[in-house]
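Geometric and topological summary
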Amino acid sequence: MISDKLNIYFIMGTADVGDEDPLVVLEEALRCGITCFQFREKGKKSLQGKAYAAFAKNCQELCRRYHVPFIVNDDVDLAVALQADGLHIGQKDGDAATIRKKIGDKMILGVSTHSLQQLTTAIKAGADYVGIGPVYATQSKADAEQPVGIRLLHQAATAYPDFPKVAIGGLTPANSSAVVAAGVSGIAVISAISRSQNRQQTIQQFRNLF
Ligand code: 3NM
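Computed from a predicted model, the values in this text were never measured in an experiment.

Some words on the site of the ligand
Near the ligand, the surroundings consist of 14 residues, among which T138, S140, G170, I190 and S191 are the closest. Residue G133 places a main-chain N or O atom 3.5 Å away from an oxygen atom belonging to the ligand. Coverage of the ligand by the protein chains reaches 96% of its 430 Å² of free accessible surface. Partitioned by chemical class, the residues of the shell around the ligand number 4 nonpolar, 8 polar and 2 charged.

As structure tokens, this is what we get:
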């Protein structure tokens, strides 16, 4: 996977955007220069059934128009049905090696990790990139782990300097310089972009870090 594509990695579902239309938010983010998108439709009020599938398809079509990879969170069947560019799984979403076999070698596989050991396991299982977090406290994930801080990013960069890594959790343009300096290929964010009052400026500030 091309590490550049991970630089500004936006994650969103309907729960992440106040009163705005999520498709309008996504299109604005694409126009302003996000480099990767993860479809993450979670939470009590999340879309279900046909509405869920239609929302995913609409997000995918927007991403295609802007030549930005479309990655599905968690839902292997949806990723396969849509022929998504990638699938992202967490530590509780099943065994990465088994999932890799199911999706084949062409689909990008990302795995969320919260320790060096999980990172090693994900790499061995055939991940193309890992998420490392939460770097800072986050409001966007109900069951987030304790923050791992910049320290784990440095350890990961030392252990696996060339393996693609994205940092996640509580990241904003203001606190991400040290994160990028720690050696990650990308900054993965929900709220800093989905709830930004000025998306153009926020995304430009993230872009300036690379
Ligand atoms: N995964 P925000 S933290 C989806 O630690 C997600 O793996 C995390 O949202 C992990 O940018 C997180 O608003 C939430 O903090 C990120």
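What about the UniProt feature "domain: Thiamine phosphate synthase/TenI" (unreviewed entry) in the protein?
Following the UniProt record, one finds the feature "domain: Thiamine phosphate synthase/TenI" (unreviewed entry) at residues 8–193. Counted over residues 8–193, helix gives 39% and strand 19%. Its end C-alpha atoms are 10 Å apart.

Here we look at the pairing of strand β7 (residues 165–168)
Pairing of strand β6 (residues 129–132) with β7 involves 3 bridges; the strand directions are parallel. Bridging across to β7, V130 finds its partner in K165. Read as a crossover between parallel neighbours, the route from β6 over helix α6 (residues 149–159) to β7 is right-handed. Inspection of the sheet shows β7 paired to strand β8 (residues 186–189) by 3 bridges, in the parallel sense. Counted as the bridge partner of A167 is I187 from β8.

Overview of the packing of helix α1 (residues 22–32) against helix α9 (residues 199–208)
For the pair α1 and α9, interaxial distance at closest approach is 9 Å and the crossing angle is 45 degrees. As summarised for this structure, α1 and α9 are arranged oblique, according to the angle between their axes. Judged by the twist between their axes, the crossing of α1 over α9 is right-handed. For the pair α1 and α9, contact is made by V25, E28, A29 and C32 and by R199, Q200, I203 and R207, respectively. Of the residues assigned to the contact of α1 with α9, the class counts are 4 nonpolar, 1 polar and 3 charged.

Describing the state of the cysteines
Going through the model one piece at a time under the given rule, you end up with 0 disulfides. Residue C36 stays outside any disulfide, its sulfur separated by 8.2 Å from that of C63, the closest cysteine. Assessed through its relative accessible area of 0%, C36 is described here as buried. The closest cysteine sulfur to the non-disulfide-bonded C63 is located on C59, 6.7 Å from its own sulfur.

Things to note about α9
Inspection of α9 places R199, T202, I203 and F206 among the buried residues, and these make up the whole buried set. Burial along α9 is one-sided: seen end-on, the buried residues are contained in an arc of 90 degrees. Of the surrounding secondary structure, the elements contacted by the buried residues of α9 are β1 (8–12), α1, β8 and α8 (191–194).

Regarding the pattern of salt bridges
In total, this model carries 8 salt bridges according to the counting rule given. As a salt-bridge pair, R100 and D128 come within 2.6 Å of each other at their nearest N and O atoms. On the criterion of sequence distance, the pair formed by R100 in helix α4 (residues 96–103) and D128 in the loop between α5 (116–125) and β6 is long-range, its members being 28 residues apart. Of the residues examined, R100 reaches a relative accessible area of 9% and is grouped as buried. According to the relative accessible area criterion, D128 is partly exposed, its value standing at 23%. With its nearest N and O atoms 3.3 Å apart, the salt bridge here joins D143 to K141. Using a relative accessible area of 33% as the deciding quantity, one classes K141 as partly exposed. Connected through shared salt-bridge partners, E20, E28 and R199 make up one network.

Criteria and cut-off values
- Residues numbered from 1 in each chain as written.
- Predicted model: local features only at pLDDT ≥ 70, side-chain atom pairs only at ≥ 80, totals over all residues.
- Heavy atoms only, no water.
- Near = heavy atom within 4 Å.
- Polar contact = N/O pair within 3.5 Å; in protein donor to acceptor, adjacent residues only side chain to side chain.
- Areas by Shrake-Rupley, 256 points an atom, 1.4 Å probe, with all protein chains shown as cover.
- Nonpolar A, V, L, I, M, F, W, Y, C, P; charged D, E, K, R; others polar.
- UniProt positions renumbered as here; feature names shortened; annotations may be inferred.
- Helix = DSSP H or I, 4+ residues; strand = E, 2+ residues; numbered from the N terminus.
- Pairing = 2+ DSSP bridges.
- Right-handed = clockwise from strand over helix to strand, strands pointing away.
- Axes fitted to C-alpha atoms, helices over the stretch in contact; angles between N-to-C directions.
- Parallel < 35°, antiparallel > 145°, perpendicular 65-115°, else oblique.
- Left-handed = near helix turned anticlockwise from the far one by under 90°.
- Contact = heavy atoms within 4.5 Å.
- Disulfide = S-S within 2.5 Å.
- Buried < 20%, exposed > 50% of the residue type's maximum accessible area, 1.4 Å probe, protein only.
- Arc of directions from axis to C-beta.
- Salt bridge = Lys/Arg side-chain N within 4 Å of Asp/Glu carboxyl O.

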